Every structure is written in structure tokens, then in C-alpha cells.
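The chain contents come next:
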Amino acid sequence: MVRLLTLAGLAAAGYYAYSKLSPEQKQQLMDKGRNLAGKLPLDKVTQQLGKAGF
């Protein structure tokens with residue numbers, strides 16, 4: 001129960017911080033996320049999930 005409340009509190013704090021960003025800062029954050037997602041080896045992850053039976 002404590003972990004759930006902690007997670008909910010972190011999510012609320014993150015949402016609040018994101019809502020206070022300027023449009024330029026939001027775009028920079030989105031670009032960072034896309035850049036990070038492009039570097040992840042998603043093909044290896046999906047192969048491993050397939051082997052695990054998910």
C-alpha cells in the first residue's frame with residue numbers, strides 16, 4: 001500500500017512539474033524522450049519477451 005501511494009505521489013509531482021513547463025521546454029523533453037527511445041535495443045527486448053511466453 002505504501003509503494004502504491006509513493007508511486008501515485010511521484011506521478012502527481014511529475015504531472016505538476018510537466019504542467020508548469022513552457023511549450024519550448026515540453027518540446028525539448030519530447031525530443032529527449034524520442035532520442036532515448038531510438039537508442040533502445042527494442043528488437044532484443046521483444047525477442048526475449050517472445051521467448052518468455054508473453
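The helix and strand tally for the protein stands at three helices and zero strands. Ordered by position in the sequence, the α and β elements of the protein form the string α-α-α. Since a compact globule built from 54 residues should have a radius of gyration of about 10 Å, the 16 Å found for the protein marks it as more spread out than a globular shape. For the C-alpha atoms alone, the extent of the protein along its principal axes is close to 40 × 35 × 10 Å. Across the 54 residues in the protein, those meeting the buried criterion constitute 0%. When the accessible surface of the protein is split by element, carbon and sulfur atoms take 65% of a total near 5,200 Å².

What follows covers the pattern of salt bridges. In total, this model carries one salt bridge according to the counting rule given. For the salt bridge of Asp31 with Arg34, the shortest nitrogen-to-oxygen distance reads 3.6 Å. One end of the pair, Asp31, and the other, Arg34, are both in helix α2 (residues 23-39), three residues apart, so they sit about a helical turn from each other.

Our next topic: a nonpolar patch on the surface. The grouping of Leu36, Leu40, Leu42, Val45 and Leu49 at the surface amounts to a nonpolar patch, some 450 Å² of accessible area in total. Element by element, the count of residues in the nonpolar patch is highest for helix α3 (residues 42-52), at three residues. Inspection of the secondary structure assignment puts Val45 in helix α3.

Of the residues in the protein, 94% have a pLDDT of 70 or more, and the chain-wide mean is 89. Element-level pLDDT for the protein is lowest in α3, with a mean of 76, against a maximum mean of 96 in helix α1 (residues 2-19).

Conventions used here
- Residues numbered from 1 in each chain as written.
- Predicted model: local features only at pLDDT ≥ 70, side-chain atom pairs only at ≥ 80, totals over all residues.
- Heavy atoms only, no water.
- Helix = DSSP H or I, 4+ residues; strand = E, 2+ residues; numbered from the N terminus.
- Rg over C-alpha atoms; globule rule 2.2 N^0.38 Å.
- Buried < 20%, exposed > 50% of the residue type's maximum accessible area, 1.4 Å probe, protein only.
- Areas by Shrake-Rupley, 256 points an atom, 1.4 Å probe, with all protein chains shown as cover.
- Salt bridge = Lys/Arg side-chain N within 4 Å of Asp/Glu carboxyl O.
- Patch = residues over 30% accessible without salt bridge, like charges linked within 9 Å, V, L, I, M, F, W, Y side chains within 5 Å.
- pLDDT = per-residue confidence, 0-100.

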